[in-house]
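# Reading the structure
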Amino acid sequence: MGDGDLPLEPPPEEPLTATLMGYYGVCPREAWLMGHALEPYPDHELLALGRLLQETAYREERKEVALPGMRLDLLEREGEALVVAEVKRRSGQREAHLLQLGYYLLALKRLGLEARGELRYPEERKVERVELTPDLEARVREAEEALRALLKAPTPPPARRIPACSGCAYFEFCFVEEVEDA
Ligand code: SF4
């Protein structure tokens, strides 16, 4: 499983989590709120749907694995390589999903493990193969630095309307005036 040729590097000084990285890819304000333990309403419909999907999709081959800062949806062997699969509802936020999966792959590389990834969208019957290319690795490293700096900020970035807002569990928190005026 291990690859003696991969150079080991120390983990980043402040461990992040893959989940925060995924949120950062969607909305830095959401990542800040989550990172400061400001939990959204736990029964929000989309959060509940996401949990249900994670519990039911690929049930037969399911093997959830927890490592520091990571809870991998699926971890499989393919010959000598590991395959990490991330299961999502829809591919609309693919860039954020790619960042999260890239974070897993880089974290495994830091542990000396070679792995490739898959983004799985069971509702869309789509599976995308993902490699930790130099480009993806550079994007993940850049995002790690930006996320670390963001989390150190005393206040979150201001709320800005983006397409993801309509399905976000923080919507009422961010746009309370609009909700009250409605
Ligand atoms: S409602 Fe919009 S601005 Fe607020 S955290 Fe969610 S995605 Fe970000």
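The rules behind each value
Residues numbered from 1 in each chain as written. Predicted model: local features only at pLDDT ≥ 70, side-chain atom pairs only at ≥ 80, totals over all residues. Heavy atoms only, no water. Helix = DSSP H or I, 4+ residues; strand = E, 2+ residues; numbered from the N terminus. Buried < 20%, exposed > 50% of the residue type's maximum accessible area, 1.4 Å probe, protein only. Contact = heavy atoms within 4.5 Å. Areas by Shrake-Rupley, 256 points an atom, 1.4 Å probe, with all protein chains shown as cover. Core = buried A, V, L, I, M, F, W, Y, C linked by side-chain atoms within 4.5 Å. Near = heavy atom within 4 Å. Nonpolar A, V, L, I, M, F, W, Y, C, P; charged D, E, K, R; others polar. Pairing = 2+ DSSP bridges. Right-handed = clockwise from strand over helix to strand, strands pointing away. Axes fitted to C-alpha atoms, helices over the stretch in contact; angles between N-to-C directions. Salt bridge = Lys/Arg side-chain N within 4 Å of Asp/Glu carboxyl O. Expected span 1.5 Å × (residues − 1). Arc of directions from axis to C-beta.

### Description of the overall build of the protein chain
- Secondary structure assignment for the protein chain yields 7 helices and 6 strands.
- Counting from the amino terminus, helix and strand elements in the protein chain follow one another as α-α-α-β-β-β-β-α-β-β-α-α-α.
- Counting all 182 residues of the protein chain, 40% fall into the buried class.
- Taking all contacts inside the protein chain whose residues are at least 6 apart in sequence as the whole, residues at least 24 apart take part in 67%.
- With the model as given, the accessible surface of the protein chain reaches about 10700 Å², and the carbon-plus-sulfur share is 54%.

### Some thoughts on the nonpolar core
- Ranked by size, the top nonpolar core spans 35 residues in total, and within it M21, V84, V130 and L147 carry the most contacts.
- Put simply, the parts of the chain that give this core at least two residues each are α1 (18-26), α2 (28-35), β4 (81-87), α4 (94-110), β5 (115-121) and α5 (134-152).
- A total of 8 residues in this core trace back to one element, the largest contributor, which is α4.
- Excluding its chain neighbours within four sequence positions, the residues that come into contact with L147 are L16, L20, M21, Y24 and A31.

### Some points on the site of the ligand
- Taken together, the neighbourhood of the ligand is formed by C27, R29, E30, R160, I162, C165, C168, Y170, F171, C174 and F175.
- Mapped onto the shell around the ligand, the elements with two or more residues apiece are α2 and α6 (171-174).
- Looking at side-chain class alone, the shell around the ligand contains 8 nonpolar, no polar and 3 charged residues.

### Observations concerning the pairing of β5
- Judged by how many residues are buried, β5 sits mostly within the fold: 7 of 7 residues are covered.
- In this sheet, β5 lies alongside β4 in parallel orientation, the contact comprising 6 bridges. Each bridged residue has a counterpart across the sheet, and for E86 the counterpart in β5 is L119.
- Handedness of the β4-α4-β5 crossover: right-handed.
- Linking β5 to strand β6 (residues 126-130), which pair antiparallel, is a turn of 4 residues; within it R125 sits at a positive phi near 50°.

### Regarding the sheet that holds β5
- Overall, mixed pairing links the 4 strands, which are arranged β3-β4-β5-β6 in an open sheet. Pairing within the sheet leaves two strands with one partner each, and these edge strands are β3 (74-78) and β6. Strand after strand, the sheet turns through a mean of 25° between neighbouring axes, direction not considered.
- Relative to β5, α4 is tilted by about 155°, and along the sheet it contacts β4, β5 and β6.

### As for the pattern of salt bridges
- The final tally for this structure, using the stated rule, is 14 salt bridges.
- Put simply, R116 and E118 hold a salt bridge, and the shortest N to O gap is 3.2 Å. Taken individually, R116 and E118 each receive the classification buried, so the pair is uniform in this respect.
- Here the salt bridges share partners, and the residues they tie into one network are R94, E95, E128, D135 and R139.

### Considerations on α5
- Its 19 residues give α5 an end-to-end C-alpha distance of 27 Å, which sits within 8% of 27 Å, the value for a rise of 1.5 Å per residue.
- Every buried residue of α5 is listed here: L136, E137, V140, A143, E144, L147, R148, L150 and L151. All buried residues of α5 fall inside an arc of 160° around its axis, so they share one side. Across α5 from its buried face, at more than 90 degrees, point the exposed residues P134, E142, E145 and K152.
- Elements in contact with the buried residues of α5: α1, α2, α4 and β6.

Honestly, it's all geometry; don't read function into it.
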